[in-house]
Structure formats: structure tokens, C-alpha cells
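Below, each chain spelled out in residue letters.
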Amino acid sequence: MKANISYPRKNSLAGRYLARFINGEILDHRDADSITGSYRLAAVVHYLESAHHWSIFRYEQIEPTPDPIGRSAVFMRYMLTEEMISWAGELGQEWARDVLSLESKRIAEREAATSQSAEIKSGL
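Residues numbered from 1 in each chain as written. Predicted model: local features only at pLDDT ≥ 70, side-chain atom pairs only at ≥ 80, totals over all residues. Heavy atoms only, no water.

Here's the deal with the packing of aromatic side chains
Phase 1: Taken as a whole and judged by the stated rule, the model has three aromatic pairs.
Phase 2: Seen from their ring centres, Tyr 7 and Trp 54 are 5.4 Å apart, and the 70 degrees between their planes marks the pair as edge-to-face. Here Tyr 7, found in the segment before helix H1 (13-22), pairs with Trp 54, found in the loop between helix H3 (41-52) and strand S1 (57-64); they are 47 residues apart in sequence, far enough to count as distant.
Phase 3: In this structure Tyr 7 comes out as partly exposed when scored by relative accessible area, which is 22%. (Phe/Tyr/Trp six-rings, centres within 6.5 Å; stacked < 30°, edge-to-face > 60°. Helix = DSSP H or I, 4+ residues; strand = E, 2+ residues; numbered from the N terminus. Buried < 20%, exposed > 50% of the residue type's maximum accessible area, 1.4 Å probe, protein only.)

Here's the deal with the packing of H1 against helix H2 (residues 29-36)
Phase 1: The N-to-C vectors of H1 and H2 enclose an angle of 120 degrees; their axes lie 12 Å apart at closest approach. Classified by chirality, the crossing of H2 by H1 is right-handed. Across the interface between the two elements, Leu 13, Arg 16, Tyr 17 and Arg 20 from H1 touch Ala 32, Ile 35 and Thr 36 from H2.
Phase 2: Of the residues belonging to the contact of H1 with H2, the class tally is four nonpolar, one polar and two charged. (Axes fitted to C-alpha atoms, helices over the stretch in contact; angles between N-to-C directions. Left-handed = near helix turned anticlockwise from the far one by under 90°. Contact = heavy atoms within 4.5 Å. Nonpolar A, V, L, I, M, F, W, Y, C, P; charged D, E, K, R; others polar.)

Here's the deal with the packing of H1 against H3
Phase 1: Relative to each other, H1 and H3 sit at 80 degrees, their axes nearing to 10 Å. The orientation of H1 relative to H3 falls into the category roughly perpendicular. Of the residues in H3, those in contact with Leu 13, Ala 14, Tyr 17, Leu 18 and Phe 21 of H1 are Leu 41, Val 44, Val 45, Tyr 47 and Leu 48.
Phase 2: Here the contact of H1 with H3 is composed, by residue class, of 10 nonpolar, no polar and no charged. (Parallel < 35°, antiparallel > 145°, perpendicular 65-115°, else oblique.)

Thoughts on the pattern of salt bridges
Two side chains with opposite charge may pair up if their charged atoms get near one another.
Phase 1: Counted according to the given criterion, the structure contains nine salt bridges.
Phase 2: Arg 20 is the salt-bridge partner of Glu 103, the closest N and O atoms lying 2.6 Å from each other. Taken together, the positions of Glu 103 in helix H4 (residues 82-122) and Arg 20 in helix H1 put the pair 83 residues apart, joining distant regions of the chain.
Phase 3: With relative accessibility at 10%, the residue Arg 20 sits in the buried group.
Phase 4: For the salt bridge of Arg 77 with Asp 28, the shortest nitrogen-to-oxygen distance reads 3.1 Å. Placement of the pair is Arg 77 in strand S2 (residues 72-79) and Asp 28 in the loop between H1 and H2, with a sequence separation of 49 residues. As far as burial versus exposure is concerned, Arg 77 and Asp 28 are alike and both buried. (Salt bridge = Lys/Arg side-chain N within 4 Å of Asp/Glu carboxyl O.)

Details of the side chain of Asp 28
Phase 1: You can call Asp 28 buried: its relative accessible area is 3%.
Phase 2: A distance of 3.1 Å separates the side chain of Asp 28 from the side chain of Arg 77, its partner in a polar contact.
Phase 3: With residues near it in sequence (within four places) discarded, Asp 28 still touches Leu 41, Phe 75, Met 76 and Arg 77. (Polar contact = N/O pair within 3.5 Å; in protein donor to acceptor, adjacent residues only side chain to side chain.)

What follows is the structure, encoded as C-alpha cells:
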């Protein structure tokens, strides 16, 4: 492990994915898309490794697709090892809580604004 890890901005894709890794989540590109609407998980993982010096474990997954000829898809899953999560310690856990709290707040604000816009348009 590298002693010079750093944390990305809390409201960035990198921050949001890293918070989930610190919480022990395993992510693939489908997860990333459903969480953030971004298919750029591999690029963000590379950024976390190169710019912030996190060691992110990856492994290949093979799953069948709905393709009628029976094709399988090969893709990567990403995670932090238990050792890395433990090494991040309470500081990392607190940082992850802050990131996910900020994310939840921003989602709630956006949903409230969207709901209010819909009410105004419908004349309520």
C-alpha cells in the first residue's frame, strides 16, 4: 500500500465511487451507470490509482447476455481489499460517510426541484 493516498473532491465521480469502495462495495460498469449515469468506471478507477494512489483490486467477470446466440460478456469488477479499507481507517470511513451524505442531499434537492416543476406545469 502507498502511504501517500489522497482523496478526490467529494462531489466528483471519483469521490462517489471511492466512498462506495471504502464501504466495501464491489462495482462494475452497470452499477456505475445506475448510481451515476456514467459508464466511465474504468477511467475513474485509473484516475484514483494514478492521481490519488489508491490500490484498487479488479477481477474479470463473465456472464451470459440476452443475445439469442448465447454470447457471454466479459467485464471487470472493482473493489478495495479488506486490508486497504482497514488501512484507510476511521478517517476514510468518515470521508465516505460525508460523500454519501452529500450525494443523498443533492439527489433529494434535485428530486424536490423536479417535483415542484411538475406541479407548476400541471397548475397545482
